[in-house]
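# Chain and residue survey
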Amino acid sequence: MASSSDIPQPRRRQSLPDPPFMLNLVLCGTDAALKASISDLILGQKQFSSNPSLEPSLTCVTRAGEVSGCSVTLVEMPALCNTLSELLEEDVKYEALRCVSLCDPGVSAFLFIVPVGPLTDEDKGELEKIQELFSSRVKDNIIVIFTAPNIQHPVTDFIEVDPEVRNFLAVCHDRYTLLKKIKGTLK
């Protein structure tokens, strides 16, 4: 009779390590310098000079890094409604779709960067163009980041007095945050 030590024991599966958490963010907005500053802030890096170019980028800018053990990819989308842009409508669509394709396996969130103040026609057009290109469901993944040099009042005061801003945020399910510029850096 065979002893229990002679009976082959089932192998235990070795546990595989959890895949690293990936966060893919697309930065949208008309101000290239603000997008670069926010990328720097998120990644904790300083890849650009202290005076980033005020010229809007005509192509996607991709940056990657690790933040708190999380792999982060940031794709700065060229402004879609920039009246100064040299891009044709077809080129704008191509670059916007290329930005999303750089986020494998998909976009975690669109960060829409808007300076505090009345919404410009370009800001409103940018949101409309994003919804047009990526379907209206994209609004479920948009977070608005308001930027302000020296804001004295709570951002909620700014939102409450401007019906266009309230409507803009309603489209984005009221997801927003505020970044203040303090001594030339965003906080």
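As a reminder, the structure under discussion sits directly above these lines.
One structure accompanies this document, and this report is about it. Note that the structure is a prediction, hence the values are computed from the model and not measured.

## Here's the deal with the overall build of the chain
Helix and strand counts for the chain come out as 5 helices and 7 strands. Going from the N terminus to the C terminus, the chain shows its helices and strands as β-α-β-β-α-β-α-β-α-α-β-β. Looking at the chain as a whole, 36% of its 187 residues qualify as buried. Of all intrachain contacts in the chain linking residues separated by at least 6 positions in sequence, the fraction that spans at least 24 positions is 70%. With the model as given, the accessible surface of the chain reaches about 11600 Å², and the carbon-plus-sulfur share is 53%.

## Section: the environment of Pro78
For Pro78, the position within the fold is in the loop between strand S3 (70-76) and helix H2 (89-101). Pro78 sits 18 residues away from Cys60 along the chain, and the two C-alpha atoms are 6.0 Å apart.

## Concerning helix H5 (residues 163-171)
Every buried residue of H5 is accounted for by Val165, Phe168 and Leu169. Angular distribution of buried residues about the axis of H5 spans 95°; they occupy a single face of the element. For H5, the N-terminal cap is Asp162; the gap from its side-chain oxygen to the backbone nitrogen of Glu164 is 3.0 Å.

## Some thoughts on the nonpolar core
With 28 residues, the main nonpolar core has Met77, Phe110, Phe112, Phe134, Ile142, Val144 and Phe146 as its most contacted residues. Among the elements of the structure, strand S1 (22-28), H2, strand S4 (109-115), helix H3 (121-134), strand S5 (142-148), helix H4 (155-161) and H5 are those that each provide at least two residues to this core. Every residue in contact with Ile142, bar those within four places of it in the chain, is listed here: Phe110, Phe112, Leu127, Cys172 and Arg175. With 13 residues, the next largest nonpolar core counts Leu27, Val72, Ile113 and Ile145 among its residues.

## A few points about the pattern of salt bridges
Here the structure, examined in full by the defined rule, presents 5 salt bridges. For Arg63, the salt bridge identified is with Asp40, shortest N-O distance 2.6 Å. Of this pair, Arg63 sits in strand S2 (residues 61-67) while Asp40 sits in helix H1 (residues 32-43), and the two are 23 residues apart along the sequence. Across this residue pair, the class does not change: Arg63 and Asp40 are buried. In this structure, the salt-bridge partner of Lys124 is Glu164, at a minimum N-O distance of 2.8 Å. In this pair, Lys124 is assigned in helix H3 and Glu164 in helix H5, connecting sequence segments 40 residues apart. Exposure remark for Lys124: the relative accessible area of 24% places this residue in the partly exposed category. The network of salt bridges with shared partners includes Asp40, Arg63 and Glu76.

Rules of the game
- Residues numbered from 1 in each chain as written.
- Predicted model: local features only at pLDDT ≥ 70, side-chain atom pairs only at ≥ 80, totals over all residues.
- Heavy atoms only, no water.
- Helix = DSSP H or I, 4+ residues; strand = E, 2+ residues; numbered from the N terminus.
- Buried < 20%, exposed > 50% of the residue type's maximum accessible area, 1.4 Å probe, protein only.
- Contact = heavy atoms within 4.5 Å.
- Areas by Shrake-Rupley, 256 points an atom, 1.4 Å probe, with all protein chains shown as cover.
- Arc of directions from axis to C-beta.
- Polar contact = N/O pair within 3.5 Å; in protein donor to acceptor, adjacent residues only side chain to side chain.
- Core = buried A, V, L, I, M, F, W, Y, C linked by side-chain atoms within 4.5 Å.
- Salt bridge = Lys/Arg side-chain N within 4 Å of Asp/Glu carboxyl O.

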